[in-house]
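This is what each chain is made of:
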Amino acid sequence: MTERTVLVTGGTGGLGGAVTAAFLDAGWRVVVPRREAGTDDGPVRVVADLLTAEGAARAVEAATAEPAAPLRAVVNLVGGYAAGGLVHETPVDDFEQMLRLNLRPTYLVTHAALPHLMASGDGAVVCVSARAAVSPFPGASGYATAKAAVRAFAETVAVEYRQRGVRCNTVLPSVIDTPANRAAQPDADHGRWVPPAEIAEVIRFLASPESAPTSGASIPVYGRA
């Protein structure tokens, strides 16, 4: 029986699959929320809409259902990117959709999980921001703003809970070497991108006791991009 549980949101995506595998290989009990029921291939699956408070609570309930493996970490991977125009060309609904997709699930799941992480005495939260949060590019005002907000939220959690036994750190990927990104940018130099498995190991480390002195950090995982 494993002694630690990690809740991985977005655990079925290109990065999420690698993160889930990294924790399973390290002996963690892994809980992965998803919108629809799926096959059980290692992690514990729970159907939950993380854009709602009820769905976030359901995911945390599943993550805390095994007393022998208390919830010790939350990894917030849910998010997305949509290309757009310049600010004056971007409808406010499109701008707000990026905030809703990238920030709302991170807030709701962390909000629901924090009491349990405090109870464990050595809880950890890892959030995924993006390079665009610190180095924006044209046509991504909503995405860059949302990812900057994720980073600011994580830093706030780190400050508020550092005396309560909970750490919070952020990773900032550039372009991740996934099939979807390769299809979207077929002519790019894919050798400069970072494989999901390498980012997954950074996330696993930040969620683990080995990184106990580290909180409030924003870790770039750009590779050579």
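Rules and cut-offs
Residues numbered from 1 in each chain as written. Predicted model: local features only at pLDDT ≥ 70, side-chain atom pairs only at ≥ 80, totals over all residues. Heavy atoms only, no water. Buried < 20%, exposed > 50% of the residue type's maximum accessible area, 1.4 Å probe, protein only. Helix = DSSP H or I, 4+ residues; strand = E, 2+ residues; numbered from the N terminus. Pairing = 2+ DSSP bridges. Axes fitted to C-alpha atoms, helices over the stretch in contact; angles between N-to-C directions. Left-handed = near helix turned anticlockwise from the far one by under 90°. Contact = heavy atoms within 4.5 Å. Nonpolar A, V, L, I, M, F, W, Y, C, P; charged D, E, K, R; others polar. Expected span 1.5 Å × (residues − 1). 1 Å grid on protein atoms, 1.4 Å probe; cavity = no way out; pocket = protein on both sides within 12 Å on 5 of 7 lines; lining within 4 Å. Points joined across faces, edges and corners; volume = space filled by probe spheres on them. Phe/Tyr/Trp six-rings, centres within 6.5 Å; stacked < 30°, edge-to-face > 60°. Lys NZ or Arg CZ within 6 Å of the ring centre and 35° of its normal.

Topic: the pairing of strand β4 (residues 71-76)
Right, on to step 1. Within β4, six of the six residues are buried, leaving the element largely enclosed by the surrounding structure.
Right, on to step 2. As paired strands, strand β1 (residues 5-9) and β4 are joined by five bridges and run parallel to one another. Across the sheet, T5 pairs through a bridge with L71, a residue of β4.
Right, on to step 3. Relative to strand β5 (residues 123-128), β4 is paired through four bridges, and the arrangement is parallel. Bridged to V74 within β5 is V125.

Quick look at the packing of helix α3 (residues 92-102) against helix α5 (residues 141-161)
Right, on to step 1. At a closest axis distance of 8 Å, the pairing of α3 and α5 adopts a crossing angle of 35°. The two elements α3 and α5 meet at a crossing, and its hand is right-handed. Contacts between α3 and α5 involve F95, M98, L99 and N102 on the former and, on the latter, S141, G142, Y143, T145, A146, K147 and V150.
Right, on to step 2. Within the contact of α3 with α5, the residues separate by chemical class into six nonpolar, four polar and one charged.

Some words on the sheet that holds strand β6 (residues 166-173)
Right, on to step 1. Pairing within the open sheet is parallel, and its seven strands lie in the order β3-β2-β1-β4-β5-β6-β7. With partners counted over all chains shown, the strands left at the sheet margins are β3 (44-47) and β7 (218-221), one partner each. Here the average twist between neighbouring strands, direction ignored, is 20°.
Right, on to step 2. Packing against the sheet, helix α2 (residues 53-63) makes contact with β1, β2 (29-34), β3 and β4, and its axis sits at approximately 160° to β2.

So, the environment of G17
Right, on to step 1. Looking at the secondary structure, you find G17 in helix α1 (residues 14-25).
Right, on to step 2. Residue classification places G17 among the partly exposed positions, given a relative accessible area of 35%.
Right, on to step 3. For the pair G17 and F153, spaced 136 residues apart in sequence, the C-alpha separation works out to 24 Å.

Description of α5
Right, on to step 1. Between its terminal C-alpha atoms α5 stretches 30 Å, which fits the 30 Å expected from 21 residues at 1.5 Å a residue.
Right, on to step 2. Along α5, the positions that sit buried rather than exposed are S141, G142, Y143, A144, A146, K147, V150, F153, A154, V157, A158 and Y161.
Right, on to step 3. On the buried face of α5, the contacting elements are α3, α4 (104-120), β5 and β6.

With respect to the layout of surface pockets
Right, on to step 1. Considered as a void within the structure, the largest pocket measures approximately 880 Å³ in volume.
Right, on to step 2. Taken together, the elements giving at least two residues each to the lining of the largest pocket come down to α1, α5 and α6 (179-184).
Right, on to step 3. Residues belonging to the lining of the largest pocket are distributed by class as follows: 13 nonpolar, 13 polar and two charged.
Right, on to step 4. Size it by volume and the second largest pocket reaches roughly 250 Å³.
Right, on to step 5. Contributing to the lining of the second largest pocket are 15 residues, with G10, P33, R35, L50 and V78 lying nearest its centre.

Digging into the packing of aromatic side chains
Right, on to step 1. Applying the stated criterion across every chain yields a total of four aromatic pairs.
Right, on to step 2. When the centroid spacing of 5.1 Å and the interplanar angle of 80° are considered together, the rings of F23 and W28 count as edge-to-face.
Right, on to step 3. Take W28: its relative accessible area is 7%, and that puts it in the buried class.
Right, on to step 4. For the pair Y81 and Y143, a centre-to-centre distance of 5.0 Å together with 80° between the ring planes defines the contact as edge-to-face. Highlighted residues: Y81 in the loop between β4 and α3 and Y143 in helix α5, separated in sequence by 62 residues.
Right, on to step 5. The exposure class assigned to Y143 is buried, which follows from its relative accessible area of 15%.
Right, on to step 6. A network of ring pairs unites the aromatic residues Y81, F137 and Y143 as a single cluster.
Right, on to step 7. One cation-aromatic arrangement involves R131 over Y222; the distance from NZ or CZ to the ring centre is 4.2 Å.

Bear in mind that shape data such as this cannot, by itself, settle questions of function.
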